[in-house]
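# Reading the structure
Next come the chains, spelled out residue by residue.
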Amino acid sequence: MKCDYLIVGAGFAGSVLAERIASQLNKKVIIVEKRKHIAGNAYDEYDEYGILVHRYGPHIFHTNSKEVFDYLSQFTEWIPYEHKVLAKIGDEYYPIPINRITLNKLYNLDLKTDEEVAAFYEKVRERRYPIKNSEDIIVNQVGLDLFEKFFRHYTKKQWNLEPRELSPSVCGRIPVRTNDDCRYFTDKYQFMPKEGYTKIFEKMLSHKNIEIVLNTDYKKVVNEIKYDKMIYTGPIDYFFDYKYGRLSYRSINFIYKNFKVESYQPVSVVNYVEPGTDFTRVTEYKKITSQDSDFTTVSFEYSVKDGDPYYPIITDSNMELFKKYNQEANKIDNLILCGRLAEFKYYDMHHVIARSLKIFELLSKNLI
Ligand code: FAD
Ligand code: UDP
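So, how was this worked out
- Residues numbered from 1 in each chain as written.
- Chains lettered and ligands numbered in written order.
- Predicted model: local features only at pLDDT ≥ 70, side-chain atom pairs only at ≥ 80, totals over all residues.
- Heavy atoms only, no water.
- Phe/Tyr/Trp six-rings, centres within 6.5 Å; stacked < 30°, edge-to-face > 60°.
- Helix = DSSP H or I, 4+ residues; strand = E, 2+ residues; numbered from the N terminus.
- Lys NZ or Arg CZ within 6 Å of the ring centre and 35° of its normal.
- Core = buried A, V, L, I, M, F, W, Y, C linked by side-chain atoms within 4.5 Å.
- Buried < 20%, exposed > 50% of the residue type's maximum accessible area, 1.4 Å probe, protein only.
- Contact = heavy atoms within 4.5 Å.

Moving on: the packing of aromatic side chains. Applying the stated rule across the entire model yields 33 aromatic pairs. Both rings, one in Y218 and one in Y238, keep their centres 6.5 Å apart while their planes meet at 75°; by these two values the pair is edge-to-face. Placement of Y218 in helix 8 (residues 218–221) and of Y238 in helix 9 (residues 236–239) is noted, with a sequence separation of 20 residues between them. For the ring pair F254 and Y310, a centre distance of 6.0 Å and an interplane angle of 45° mean the geometry is tilted. Separated by 56 residues along the polypeptide, F254 in strand 12 (residues 249–259) and Y310 in the loop between strand 15 (296–304) and strand 16 (311–312) bring together distant segments of the chain. Clustering of aromatic rings is evident, with ring pairs tying together Y218, Y232, Y238, F239, F240, Y242, Y244 and Y325. Geometry around Y346 places R173 over its ring, the cationic atom sitting 3.8 Å from the centre. Of note, K219 hangs over the ring of Y238, and the distance from its end group to the ring centre comes to 4.0 Å.

What follows is the structure, given as structure tokens:
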């Protein structure tokens, strides 16, 4: 087999680059994907009850980038959706990110303005400087009690690490609010693809210059394919046969259950922030996709050590090891790394799309 670009992985990184290279540069692309489907972790499909479910957990599209939004809009229509998450403590539900409503309900207060809430945080926060980890970044904003209630146990369940062992960028993804905005994200563009994510990928990849080989680890076929450049979107340590050691990732066991009820829980995602349950969150898919049905399908997420790598674990030691691999990768002329696993970054979809468009710009100008 012969192509201009061999792309490993058919997630957003691999597929955006394949689409751009095929349609804009008129170059031949072969994508090798080890799973039986395209779309990477954004893969969705209808289950036996007719509910569109995300097979790798809830994927909510949000971005502030007009470029990313316009790019993806070529391949899908959108339905409006603003993501809301509640944290469950005892039998009660509280808005997360923590906001004015959370505080009033939790502490039986009557804070009315942003200023009153800011004064409350000021009273309870514990000054931490410098901010070295995920405990510091939360405690520095909201103090120990809120940290314990909303972050400590969820984080331990998700990462099997204490927040103080993780980079501040992990818990720092979650803002702290003084207003009563209950949305999980405040980005300018927040939508769901009308026909789901997989359809986006089908449209992106249906081009005469793109060939897709599924169910195949690239290492099995790489010697049989002649290519000018490789774009690799899988785990970087696997690329180098773990020669400096393994990077650590978290995987998740998704347990899907269907109930013959119209609604299972008050919002699409409930975070179980207490230690008593082994799962981290429960997602009710029809609430994300605005589907009407007498049935509902939910997924429970159990975070585990082994399995497909889903989350790069951002600790100092992993970042050091990643740097070593990355330096090695930089020495290989015809290799481009892109995506959450290859760049070992806690990217959301919009980050990966933006990054892929940037890489395309550079390679189309022969700068990489
Ligand atoms: P991936 O989608 O992982 O694609 C990489 C592909 O490479 C995979 O299909 C893999 O099978 C393939 N591959 C790996 N190794 C090989 C090999 N050796 N040979 C052949 N193929 C290989 N982002 C959001 O924006 N919003 C969300 O709400 C959101 N929720 C998420 C929830 C969960 C549970 C997870 C895990 C992620 C979530 N994300 C979310 C992040 C999102 O999934 C990623 O940013 C995005 O999918 C990354 O795209 P990618 O192409 O880099 O990687
Ligand atoms: N987090 C938490 N409690 C919550 C929500 C998030 O402790 O209710 C922490 C936890 O460590 C989590 C991280 O913040 O892994 C990032 O949360 P996010 O919802 O962005 O995780 P993702 O959707 O990527 O799984």
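So that's the structure; there's more coming.
In terms of nonpolar packing, the biggest core is built from 113 residues, with F12 and F150 touching the most fellow members. Broken down by element, this core gets its largest block of residues, nine residues, from helix 5 (residues 134–159). The residues contacting F12, other than those within four sequence positions of it, are A42, L72, Y197, F201, M349, V352, I353 and S356. Listed in part, the eight residues of the second largest apolar core include L86, V267, F279 and F300.

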